[in-house]
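Coordinate inspection notes
What follows is each chain in one-letter form.
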Amino acid sequence: MTAALLETRALCKRFGGLVATDAVSLEVVRGECHALIGPNGAGKTTLIGQLSGSLRPDSGSVLFAGRNVTQLKAHQRAMLGFARSYQITSILNDFTVAENVGMALQAVSGSSFRFWRPVANETGLRDEATAILRQVGLEPLAERQARGLSHGEHRQLEIALALATKPQLMLLDEPMAGMGPEESENMVQLIAGLKGRYTVLLVEHDMDAVFRLADRISVLVAGRVITTGLPEEIRTNAAVKSAYLGEETTN
Amino acid sequence: MTWILFLEQCLNGLQFGLMLFLLVAGLTLIFGIMDLINLAHGSLYMVGAYLVATFTQATGSFLLAVPLGIAATAVVGMVIEAVVLRGLYKRDHLSQVLATFALILIANESTRAIWGLQALTLNVPLALSGSVELLPGLHYSAFRLAIIAVGLAVAAMLYILVVRTRIGMLVRAGASNRQMAMAMGTNIKWLFTAVFGVGAALCALAGAMLSPLLVVQVGMGESILILAFVTVVIGGIGSMRGAFIGALLVGIVDTFGRAFIPPLLRTVLPPAFADAAGPSLAAISIYLLMVIVLFWKPQGLFPAGS
Amino acid sequence: MIWLTRHGWLVAACLFALAFPMLATAVGQDFYISVASRVLIWGLLATSLNLLVGTGGMVSMGHAAFFGFGAYVVGIIALDAPQWSAAPVVLPLAIAATGILAFVVGAICLRTRGVYFIMITLAFAQMLFYIFVSLKGYGGDDGLPLAKRSPLGTLKMADDTVFYYVVLTLLALCLVFLARLRDSRFGRVLRGIKDNEIRMESLGYATLRFKLTAFVIAGAMAGLAGALMANQNGFVSPNMLYWDLSGTALVMVILGGLGSLWGGLAGAVVFMVLEEVLTGFTSHWQIILGLILLGVVFFAPKGIAGLFARKSR
């Protein structure tokens, strides 16, 4: 009996004439690292959006720990234990790296409707932020303006933000996008370190990383999940190979 | 309330709505394609009215003054677009609000400087100063009928232009997805200027047609601008269909509200209340309409791209 | 000592503000004391708008609604319920009533974003304008005179100097509150929402609640400004609800510095000084003002605060 933390049932989404999500039913088991792969334009980010709550599906449902969360908004899902990192970096540019993480921590530690005490005095938040930054390797850059980071550092910050809200489920949308070989390796180590403690749904193009990290892999083509299975099964699957003809990227 | 009165108000509402549509058509396209909030749109309407009034006095012919006034206003509009607005397309909305507010200040004060503080009066052209008997007992101003005719004709032309021509397709594409329009490789700059010029011309036409009926004075642009904004919100940004239906809706609701709410209230409420509440309700009827529409459809009735 | 040099301007300005009535009397220009009160009140209005626009990123073109409403509360109470006219009663009442209005308006308007939001706030303010103009019982078009200033204990509120210090005190209190707010948890969330609302939502923040709270605070503060202006002028005009007042307040914000604590007040001062100077040149001073505003938008979008920021580098 699998303990599915995240489940979707016949999720559908169209944009005008385009079917972006076609009756997607998938399951992410608690504690696993489940990779979602597929050619460009398969609808991966759209699916992530429907899981995180930023997009409303046209039909179907999303269940979290058995509970139907389809009607819940993004911030409500975050409070239940969802965290998301973005494919196109989406951070708080006018704040420092430490403040970015602090903002995420603040969301899950007490009310933010406090109007008098300076938040900079909250050493608890600051220490926690430092710990998270250390975990993702950004501690030396804590006081840097987020806007001024390199691309790879931005991607690291994305993960830090996702970690800071102490989620149960992490939806990582192409964390390695645009990274060089050394940075990608660091990111793989980082995500590998999360396995077991967090449930991860990982969207990625980097096949090396996917096969190293994933416990199971689902393949999304033209909005439909064509197959789900163990890495070895997917590696040798003919349908997957043909879908990926010309699309495979190896680092 | 008689049928005659009802039909008369319908025609008034239609007339007002069509003129409002002329203003809103340009405004909503500029919102939709350029994502530009332009507070000075009403100023073009005012400039159009002033120019037509002046040209009529100079040439003695309303018929001649109207195309002259429209052309001149279109030129003014395109100059403003090239000099000021072009620098705003990439800016945030606050900057746009402030810059176009500055344009209002400049336009209003310049108008006062050129034409003085007295309002201009323009008479309805002699040929149209009579009334037409549409139905037995229903006499309607010939000029207002002409306004309706012109409004419908322009609406039809715009429909053909936007829906049936290649330029129109570019405009509609731009209104629903600017990035896509840019990617299609159209020369965006000239498209923007042209759209703005057309918008200015439409404002001027509305100003021209309404000037014999209303008072031509500084500030006329702002009062109609708010109505135009409300119409855009109701109809949906970037949508010609929304602009048309929204404008007719606003025109009719406003006209009916002013004509029928006060007497209606007097039949159900004691006169003291009715006389106090009547005019207020009448004045804000379109704002109430806007709130109702927003609750039901926050993007307006027919937003572009739907 | 370092504190003093870094904040030298601030200290000088505070001393000047405190000493102003004495200075004005000394040079025989008592008249300017009431002008100064008016500048401070405008500064309060602009500061409240700055919270909304500068800190929260919500461009509202309807802030005049709250300014005028606060004024009308004072006027109407003076007329219909004069027993509540004392300042310690009527001012909190104006603040509370305007806050409630801001809650209702904000709850509707904040469902929209961007261009829609700007237009809807504008439309709501106009709606309020038309309502008040049509209230013949409260002056309608002509406005509502205020017989006397709201009494405050034994203070002689009719004395311009006394009133000036009352206004100054209230303004100072509001600024202290806003300074703390900015650095508080709430303030940080608000700034975060301005920066990237979608990301804040995915972090778990119910952004609408925060924006609405800011909207209410800003509205209530504007209501206080309106109540004070009614007292200052002895008159409540429906023009206080008219949208060009919203525009003027926005101009002050940009002149003074968007998002900075002092931006509203600085902008009000600059605007009033500009108006004084320009009216001296020509009756068509609004053209020059418009050109200056265009210049600021295109070349100095950070306003006065931007100039100071550059200097401190």
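Residues numbered from 1 in each chain as written. Chains lettered and ligands numbered in written order. Predicted model: local features only at pLDDT ≥ 70, side-chain atom pairs only at ≥ 80, totals over all residues. Heavy atoms only, no water.

Digging into the overall build of chain C
Keep this limit in mind: The helix count covers DSSP runs of H or I at least four residues long, the strand count covers runs of E at least two residues long, and both are numbered beginning at the N terminus. Only C-alpha atoms enter the radius of gyration, while the globule expectation follows 2.2 Å times N to the 0.38, with N the number of residues. Only protein chains enter the accessibility calculation, which uses a 1.4 Å probe; a residue whose area is less than 20% of its type maximum is buried, one above 50% is exposed, and one in between is partly exposed. Contacts: residue pairs with any heavy atoms within 4.5 Å of one another. Note on areas: Shrake-Rupley, 1.4 Å probe, and residue coverage restricted to the protein chains presented here.
When helices and strands are counted, chain C shows 14 helices and two strands. The C-alpha radius of gyration of chain C comes to 19 Å, within 12% of the 20 Å expected for a compact globule of 313 residues. Taken over the C-alpha atoms alone, chain C extends approximately 55 × 45 × 40 Å along its principal axes. Of all 313 residues assigned to chain C, the portion counted as buried reaches 56%. Pairs at least 24 apart in sequence give 76% of the contacts found in chain C among residues at least 6 apart. About 12,800 Å² of surface is accessible on chain C, with carbon and sulfur atoms providing 69% of the total.

Thoughts on the overall build of chain B
Under the convention used in this document: As used throughout, the charge tally considers Lys and Arg to be positive and Asp and Glu to be negative, leaving His and the chain termini uncounted. Positions of charges follow a simple convention, taking NZ of Lys, CZ of Arg, CG of Asp or CD of Glu.
Along chain B, the regular secondary structure elements total 11 helices and two strands. Overall, chain B shows an N-to-C arrangement of helices and strands of α-α-α-α-β-β-α-α-α-α-α-α-α. Per-residue burial over chain B gives 55% buried out of 306 residues. Residue pairs in contact within chain B that sit at least 24 positions apart in sequence constitute 78% of those at least 6 positions apart. A distance of 14 Å separates the average location of the 14 positive side-chain charges in chain B from that of its 9 negative side-chain charges.

Things to note about the interface of chain B and chain C
Put simply, the rule is: Buried area: the accessible surface (1.4 Å probe) lost by two parts on joining, summed over both. Put simply, a salt bridge is a Lys or Arg side-chain nitrogen that is within 4 Å of an Asp or Glu carboxyl oxygen. Residues are sorted three ways: Asp, Glu, Lys and Arg are charged, Ala, Val, Leu, Ile, Met, Phe, Trp, Tyr, Cys and Pro are nonpolar, and all the rest, Gly among them, are polar.
On the chain C side, the residues contacting the 46 residues of chain B number 40 residues. Among the residues chain B hides against chain C, the three largest losses belong to B:Leu94, B:Leu98 and B:Phe101. Together they make up 16% of the total. The tally of links from chain B across to chain C stands at zero salt bridges. When residues of the side of chain B that touches chain C are traced back to their parent elements, those giving at least two are α4 (93-115), α9 (220-235) and α11 (271-296) of chain B. Considering each element in turn, the side of chain B that touches chain C owes the most residues, 16 residues, to α4(B). Of the residues belonging to the side of chain B that touches chain C, the class tally is 34 nonpolar, seven polar and five charged.

Focus on the interface of chain A and chain C
Facing the 37 residues of chain A at the interface are 27 residues of chain C. Between chain A and chain C, the buried area comes to about 2,800 Å², and carbon and sulfur atoms account for 59% of it. Connecting chain A to chain C are two salt bridges. Put simply, A:Glu122 and C:Arg185 hold a salt bridge, and the shortest N to O gap is 2.8 Å. Per-element accounting of the side of chain A that touches chain C gives the leading share, six residues, to helix α3 (residues 97-107) of chain A. Considered class by class, the residues forming the side of chain A that touches chain C number 19 nonpolar, 11 polar and seven charged.

Things to note about helix α1 (residues 44-52) of chain A
Residue and element names in this part refer to chain A. Among the nine residues of α1, eight are classified as buried, and the element is accordingly described as predominantly covered. Residues of α1 that are buried include every one of Lys-44, Thr-46, Leu-47, Ile-48, Gly-49, Gln-50, Leu-51 and Ser-52, and no others. Just downstream of α1 lies Gly-53, where phi reads positive at about 105 degrees.

A look at a nonpolar patch on the surface
What counts, and what does not: Patch membership requires more than 30% relative accessible area and the absence of a salt bridge. Residues of like charge join within 9 Å; the nonpolar side chains Val, Leu, Ile, Met, Phe, Trp and Tyr join within 5 Å.
On the surface, B:Leu7, B:Val132, B:Leu134 and B:Leu135 cluster together into a nonpolar patch covering about 280 Å² of accessible area. With respect to the helices and strands, B:Val132 occurs in strand β1 (residues 131-135).

Some words on the arrangement of the chains
Of all two pairs of chains sharing an interface, the pair with the highest contact count is chains B and C. Contact between chain A and chain B is absent, and the least distance between their C-alpha atoms amounts to 8 Å.

Re the nonpolar core
To be explicit about the condition: What is meant by a nonpolar core is a set of buried Ala, Val, Leu, Ile, Met, Phe, Trp, Tyr and Cys residues, joined one to another through side-chain atoms within 4.5 Å.
By size, the foremost hydrophobic cluster in this structure holds 253 residues, and its most contacted members are A:Val101, A:Leu157, B:Phe31, B:Leu39, B:Met290, C:Met119 and C:Phe124. Among all residues touching B:Met290, those that are not within four sequence positions of it are B:Val230, B:Val233, B:Ile234, C:Ile120, C:Ala123 and C:Phe124. A:Ala42, A:Leu51, A:Val69 and A:Leu171 belong to the second largest nonpolar core, which has 21 residues in total.

A word on the pairing of strand β11 (residues 224-229) of chain A
All names here are of chain A. We count it as follows: In this scheme, strands are said to pair when DSSP sees at least two bridges between them.
Pairing of strand β10 (residues 216-221) with β11 involves five bridges; the strand directions are antiparallel. Its bridge partner lying in β11, Leu-220 is registered against Val-225. Once β10 ends, the chain turns through two residues before running back antiparallel as β11, passing Ala-222 with a positive phi of about 50 degrees.

A word on the confidence of the model for chain C
Residues and elements named next belong to chain C. The cut-off we apply is this: What pLDDT reports is the predictor's confidence in each residue, on a scale of 0 through 100.
Across chain C, pLDDT averages 90, with 95% of residues at or above 70. Element-level mean pLDDT values for chain C span from 63 in helix α14 (residues 303-311) up to 96 in helix α10 (residues 207-233). Interface confidence for the predicted complex, given as ipTM, is 0.91, next to a pTM of 0.91.

Some details on the packing of aromatic side chains
To be explicit about the condition: The criterion for an aromatic pair is that two Phe, Tyr or Trp rings (for Trp, the six-membered ring) have centres within 6.5 Å, with stacked assigned to planes under 30 degrees apart, edge-to-face to planes over 60 apart and tilted to the rest. Either the NZ atom of lysine or the CZ atom of arginine qualifies as a charge over a ring when it sits within 6 Å of the ring centre and within 35 degrees of the ring normal.
In this structure the tally under the stated criterion is 26 aromatic pairs over all chains. Among the aromatic residues, those joined into a ring-pair cluster are A:Phe113, A:Phe115, C:Phe186, C:Tyr205 and C:Phe210. Lying across the ring of B:Trp296, B:Lys297 places its NZ or CZ 5.6 Å from the centre. Residue placement shows C:Arg149 over the ring face of C:Phe163; its charged tip is 4.4 Å from the ring centre.

Overview of the sheet that holds β11(A)
Residues and elements named next belong to chain A. Our working definition: In this analysis an axis means a line fitted to C-alpha atoms, helices contributing only their contacting stretch, and an angle means the value between N-to-C directions, from 0 to 180 degrees.
If you trace the six strands from one edge of the open sheet to the other, you get β7-β8-β9-β4-β10-β11, paired in mixed fashion. Two strands in the sheet have a free side with no partner beyond their single neighbour: β7 (82-85) and β11. Between one strand and the next, the sheet's axes are offset by a mean angle of 15 degrees, whatever the strand orientation.

Some thoughts on the environment of B:Ala201
Residues and elements named next belong to chain B. Here Ala-201 shows up in helix α8 (residues 188-210). Considered as a pair, Ala-201 and Gly-48 are 153 residues apart in the sequence and their alpha carbons are 8.1 Å apart. Beyond its immediate sequence surroundings of up to four residues, Ala-201 is in contact with Ile-70 and Ala-74.

Points about the environment of A:Ala10
Residues and elements named next belong to chain A. Looking at the secondary structure, you find Ala-10 in strand β1 (residues 4-15). According to the relative accessible area criterion, Ala-10 is partly exposed, its value standing at 35%. Separated by 11 residues in the primary sequence, Ala-10 and Thr-21 place their C-alpha atoms 9.1 Å from one another. Discounting residues that sit within four places of it in the chain, Ala-10 has contacts with Ala-23, Val-24, Ser-25, Ser-59 and Gly-60.

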